[in-house]
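# A look at the structure
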Amino acid sequence: MSNTTNNDSTNQIGLERADMSQVIAKLNSLLSSYHTFYINVRGYHWNVKGEHFFTLHPKFEELYTALQLQIDEIAERILTLGGTPLHAYSDFAQHTGIAEDKNVKDGTTCVKGVVTGLQALIEEQRKISALAADSDDQGSADLVDAYVQEQEKLVWMYNAFLG
């Protein structure tokens, strides 16, 4: 393992730059997926209609507010590792693992979109966790592991809503 002094081969926190390039790339893909999912959830919040409106409208706002914070944390982690976070929609569209979900209004369909998005994030984050751990990057592994734990519970809860 590297020492914590910064030299040409290590970044500001003492991790090997070469090892971090793959982690940074995967975190940028995750950042893109989060942005796409965030936009989907905002759409669900704005457009949901039907008998569950008063239940789902605030739940979607709660979710997209949490996603906003996570987006910032992922971008800051990329910067900590010495990378540059993607920040253009065209980049997000090229690197996302989540499909856009347009013009969805039905509450059940919105919730299914949330579950699908969360499952995609969980899968992507598990891969990043393993890669980060293999690269001695405990900080990135811990970050995405915490998201996975929270999102697994959300999948259960939204699936309970779906019955």
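Here the structure is shown first, and the text comes after it.
Heads up: these notes are all about the structure in this document. (Residues numbered from 1 in each chain as written. Predicted model: local features only at pLDDT ≥ 70, side-chain atom pairs only at ≥ 80, totals over all residues. Heavy atoms only, no water.)

## Remarks on the overall build of the protein chain
Rules: In DSSP terms, a helix is any run of H or I states spanning at least four residues, a strand is any run of E spanning at least two, and both are numbered starting from the N terminus. Type-normalised accessible area, obtained with a 1.4 Å probe on protein chains alone, sets the label of each residue: buried when under 20%, exposed when over 50%, and partly exposed for intermediate values. Note on definitions: a residue-residue contact is assigned when non-hydrogen atoms from the two residues lie within 4.5 Å. Surface exposure here means Shrake-Rupley accessible area, sampled with a 1.4 Å probe, where a residue is shielded only by the protein chains that are shown. Charged-residue counts in this description rest on Lys and Arg as positive and Asp and Glu as negative, His and the chain ends being excluded. Charge placement uses NZ in Lys and CZ in Arg. For Asp and Glu, CG and CD serve respectively.
For the protein chain, the helix and strand inventory stands at five helices and zero strands. Counted from the first residue to the last, the protein chain has its helices and strands arranged as α-α-α-α-α. Considered along the principal axes of its C-alpha atoms, the protein chain spans approximately 60 × 30 × 20 Å. Buried residues in the protein chain amount to 44% of all 163 residues. A sequence separation of at least 24 residues applies to 76% of the contacts in the protein chain between residues at least 6 apart. Working note: accessible area of the protein chain is about 8900 Å², and carbon and sulfur atoms make up 51% of it. If the 12 positive side-chain charges of the protein chain are averaged to one point and the 22 negative ones to another, these points end up 9 Å apart.

## Considering the packing of aromatic side chains
Cut-off, in case you're wondering: Under the pairing criterion, centres of Phe, Tyr and Trp rings, with the six-membered ring standing for Trp, must be within 6.5 Å; the plane angle then separates stacked pairs below 30 degrees from edge-to-face pairs above 60, leaving the rest tilted. Geometrically, a lysine NZ or arginine CZ counts as sitting over a ring once it is within 6 Å of the ring centre and also within 35 degrees of the ring normal.
Throughout the structure, instances matching the rule amount to five aromatic pairs. When the ring of Tyr38 is compared with that of Tyr64, the centres are 5.9 Å apart and the planes differ by 90 degrees; the resulting orientation is edge-to-face. Here Tyr38 is found in helix α1 (residues 17-47), whereas its partner Tyr64 is found in helix α2 (residues 53-80), with 26 residues between them in sequence. Considered together, Tyr38 and Tyr64 belong to a single accessibility category, that of buried residues. Measuring from ring centre to ring centre gives 5.9 Å for Tyr89 and Phe92, while their planes differ by 85 degrees; the resulting arrangement is edge-to-face. Residue Tyr89 and its partner Phe92 are located together in helix α3 (residues 89-95), separated by three residues, close to a single helical turn. The side chain of Arg42 reaches across the aromatic face of Tyr64, ending 4.1 Å from its centre.

## Here's the deal with the nonpolar core
Rule in force here: Buried residues of nine kinds, namely Ala, Val, Leu, Ile, Met, Phe, Trp, Tyr and Cys, make up a nonpolar core once their side-chain atoms join them within 4.5 Å.
Core analysis: the largest hydrophobic core is formed by 41 residues, its most contacted members being Leu27, Phe37, Val41, Phe60, Ile74, Val114 and Tyr158. If you list the elements that add at least two residues to this core, you get α1, α2, α4 (107-134) and α5 (138-162). Sort the elements by how many residues they give to this core and α1 lands first, with eleven residues. The residues touching Ile74, leaving out its near neighbours within four places in the chain, are Leu27, Leu30, Leu31, Tyr34, Leu143 and Tyr147.

## Some thoughts on the side chain of Ser29
Of note, Ser29 is situated in helix α1. Among residues more than four places away in sequence, those in contact with Ser29 are His95, Thr96 and Glu124.

## With respect to unusual backbone geometry
The phi torsion at Asn103 lies on the positive side, around 55 degrees, for a residue other than glycine. In this structure, Asn103 sits in the loop between α3 and α4. Residue Asn103 is classed as exposed on the basis of its relative accessible area of 64%. The backbone phi angle of Asp136 is positive, close to 60 degrees, even though this residue is not glycine.

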